[in-house]
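One letter stands for each residue in the lines below.
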Amino acid sequence: MLRKARIGPSKMLSYGRVIGRLPKLTRHSHANHFCRPLKYVGIVSVHNLWYSSSSNDKKIYRAPGTTIKPEECVPESTYSKPKRPVPFCESQPNASCPPSCYEVCGKPDDSEKPSDKKPPPQHWKILATLLIAGVTLYAISSSSWFSTKKSDSQKAVSKSKKDEKKRKRALDKIKTPPTSNLIPSEIPYLLIGGGTAAFSAFRSIKSRDPRAKVLVISDEGDLPYMRPPLSKELWYNRDRKTTAQLLFKQWNGAQRSVFYEPPEFYTQIKSLSNSEKGGVSVATGWRVKKIDVPNKLVILDDGYQIKYDKCLIATGASPKNLPVFETMQDELKEKIITFRTKHDFLYLEDIVHNPKCKNVVIIGGGFLGSELACSLARNLSGDKKVYQVYKEKFIMDQVLPQYLSEWATKKAISEGVQCISSSEVEDYSYKNGKLSLVLSDNQIVDADQVIVAVGVEPNTDLAHVSQLETDHEIGGFLVNAELEARSNLWVAGDAACFYDVKLGRRRVEHHDHAVVSGRLAGENMTGARKPYLHQSMFWSDLGPEVGYEAIGIVDSSLPTVGVFVKSSESDNKVQSVRNTHETTQVSDKKNSRSSPQGDAKSESDDTKVCRDDDPKPADKPEVYDDFGKGVVFYLRDDIVVGIVLWNIFNRMPVARQVLARGTKYDDLNEVAKLFTIHDD
Ligand SMILES: Cc1cc2nc3c(=O)[nH]c(=O)nc-3n(C[C@H](O)[C@H](O)[C@H](O)COP(=O)(O)OP(=O)(O)OC[C@H]3O[C@@H](n4cnc5c(N)ncnc54)[C@H](O)[C@@H]3O)c2cc1C
């Protein structure tokens, strides 16, 4: 039954960026690759597609504005809310609290304890009293001394606040265990990096080899956690106490933590080698600096060596900064941050709620920048302003067809974001503690906090020293279709440049890819020898009401056909179809044959066809509700190579099948019906 879309607007899905060699794909005739049906899909007819969509999709549901469909993206967690806040030092599996004075200094010498000796003679008491009185009188009389001391103590307070901040930061990088000789020197399974791909790998290793001993080395100070809620759900909740515990509402309304597993799940490092049941241990705050591949050794930053049987590189990616900020003075480093980690989230959450922080500037018009801008604008109230500066005309311009990215920009503005388009940061000034950004059009924006969200680059520092190959064009460790870089060495997640047997060399920066490639690497580490055939999806949300999911090659430079249900229409009324300029051209060519995009049919079926010369959307996205929900098809050589599901969820299996079919569709309007858009 058609449910009226609550928000006139639409939803999109997908997140991150798929990086591929598009020119090469074109050269190699993408169509041919797609024409071979994927073994695991086995689509025979449209009827199958329909059937499959309705049977599979009902089981899982990602509500708008929620991060995770657990069955598809995130293995289940055993997390339960801790009853009391656990001190950091206790929360780690190999907890090592700072040593007590007793441990460091040994027991105090009994001879120095107060004893039952007789009290000192009376004249000592008189002398002490006189001394104290003298000092007190001197202090009162020398008022200047007194006042100096007072301001010193104020300074000491603010210094101690700064120290506290620094201490918190340092704590995030605390090494657990504190010395490397407590880490096993030999291990069957070693995972480098403690992010999503590593988490997914150890789950799959343990499910295939329950007694496996797995050691994770992570240079973050935390146990594995998921990143998507850091720019979305964690901001939707205004209860800062819950947020401070990194708890958020997931797809089914239940609260969960960003941590995949609670500390109790992990085996203490010191017990791992001798554990009969095996287990997973995480050494946090430790960095791998080299892999000696022939000798199967991993070398840590302090030179400690660990021998492995099988090793996974899951080092992920790091955010890029803008060259203009790269040489900034230390004082500014906290005012201009990138955003990737749990620590970045907690830092930003703290800063933006400081009454002194009035202007927050986000640089970048991609997923992360747009999500953060919408989340912050929604979360912050009063006189705080959230600016988003980006060089494109509209946000998410590289992924969405122009009309949708224009709509999304209007949506962001209606959320309270001050969008500054077609602009780049050229310079900055910092005077009397005030930071101002100088933009390309000489516009000046004052900024109390800047977040740079201009993309990431894969962490491949290990490659050169370890004699591993990387891809010069798209980055990442080169691996084959089984995700293997060398014998006994695999790579998964953002850092892998893998061979996609359908699409050629690719690197993907998505959560779903990290989960599935991590899982496959884990399987292959235990002997499965399977190729990576998964077409990963991604998603993005503009606040809790608008979201989209995407799959395949979702590149706004491709021709697209969008089929949307108007939020006010009834079930049987079909959709409005909107072609991008490029698609119109394709359609035109096709019209002489059979109008593969179904334009003519659509019009005769009372479906609204929006063309490029349509009137401009109204200022408020709510008014222009043509994009309530729908499907956007991305075409290459008239074949669907990418799909965006806008404000509709649970249809990813259908999208996968449409992509895998790799044929020309006579009427995309009909294909859109497979997604039962009006059923939500
Ligand atoms: C704020 C945010 C929101 C996002 N939202 C979405 C979303 O909505 N949808 C989506 O599909 N994707 C999203 N992503 C992207 C997704 O989170 C990433 O694609 C995913 O985390 C990649 O997982 P990974 O395991 O490959 O790398 P990571 O999660 O980056 O983990 C890599 C780990 O390895 C560590 N490491 C690196 N080098 C070393 C070394 N030499 N030694 C030891 N440890 C090392 C790193 O410190 C890090 O902890 C988001 C990302 C961010 C930052």
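Per an unreviewed UniProt entry, the recorded name for the chain is Apoptosis-inducing factor 1, mitochondrial isoform X1, and the organism is Ceratina calcarata. In its Cofactor (unreviewed entry) section, UniProt records this for the chain: "FAD". UniProt annotates the chain under Sequence similarities (unreviewed entry) with the comment "Belongs to the FAD-dependent oxidoreductase family."

1. Comments concerning the overall build of the chain
Along the chain, the regular secondary structure elements total 21 helices and 31 strands. Counting every position in the chain, which comprises 680 residues, the buried fraction comes to 54%. In the chain, the share of contacts with a sequence separation of at least 24, taken over all contacts with a separation of at least 6, comes to 73%. Total accessible area on the chain stands at roughly 31,700 Å², and carbon and sulfur atoms take up 53% of it.

2. Some words on the sheet that holds strand 17 (residues 444-447)
Whether parallel or antiparallel, the strands of a sheet pair through hydrogen bonds between backbone atoms. Judged by pairing direction, the sheet is antiparallel, and its 3 strands sit side by side in the order 15-16-17 without closing on themselves. Bordering the open sheet on either side are strand 15 (425-431) and strand 17, each of which pairs with just one other strand. On average, each strand axis in the sheet is tilted by 25° relative to the strand beside it, whichever way the strands run. As paired elements, strand 16 (residues 434-439) and strand 17 share 4 bridges and run antiparallel to each other. By the bridge assignment, Leu-437 is partnered in strand 17 with Val-445.

3. Re the pairing of strand 24 (residues 504-508)
When you tally the buried positions in strand 24, you get 5 out of 5 residues, the bulk of the element. Relative to strand 24, strand 23 (residues 496-500) is paired through 3 bridges, and the arrangement is antiparallel. Bridge assignment links Phe-498 to a residue of strand 24, and that residue is Arg-506. A loop of 3 residues connects strand 23 with strand 24, the two strands running antiparallel in sequence.

4. Overview of unusual backbone geometry
In this chain, Thr-176 is followed by Pro-177 through a cis amide linkage whose omega measures 5°. Along the chain, Pro-177 falls in the loop between helix 7 (143-172) and strand 2 (186-192). A positive phi angle is found at Asn-650, which is not glycine, with a value near 70°. Position of Asn-650 relative to the elements: it lies in the loop between strand 31 (639-646) and helix 20 (652-661). Asn-650 gets classed as buried once you look at its relative accessible area, which sits at 5%.

5. Re the nonpolar core
With 113 residues, the main nonpolar core has Leu-190, Leu-191, Ile-291, Leu-376 and Trp-646 as its most contacted residues. Not counting residues up to four positions away in its chain, the partners in contact with Ile-291 are Ile-192, Leu-297, Val-298, Tyr-308, Ile-313, Leu-462, Ser-466, Leu-468 and Leu-489.

6. Regarding the sheet that holds strand 18 (residues 449-452)
Reading across the sheet, the 5 strands line up as 11-18-12-13-14 and stay open at both edges, with parallel pairing between neighbours. The open sheet terminates on both sides in strands that have one partner only, identified here as strand 11 (336-338) and strand 14 (417-420). For this sheet the average axis-to-axis angle between neighbouring strands, irrespective of direction, equals 25°.

Basis of the calculations
Residues numbered from 1 in each chain as written. Predicted model: local features only at pLDDT ≥ 70, side-chain atom pairs only at ≥ 80, totals over all residues. Heavy atoms only, no water. UniProt positions renumbered as here; feature names shortened; annotations may be inferred. Helix = DSSP H or I, 4+ residues; strand = E, 2+ residues; numbered from the N terminus. Buried < 20%, exposed > 50% of the residue type's maximum accessible area, 1.4 Å probe, protein only. Contact = heavy atoms within 4.5 Å. Areas by Shrake-Rupley, 256 points an atom, 1.4 Å probe, with all protein chains shown as cover. Pairing = 2+ DSSP bridges. Axes fitted to C-alpha atoms, helices over the stretch in contact; angles between N-to-C directions. Core = buried A, V, L, I, M, F, W, Y, C linked by side-chain atoms within 4.5 Å.

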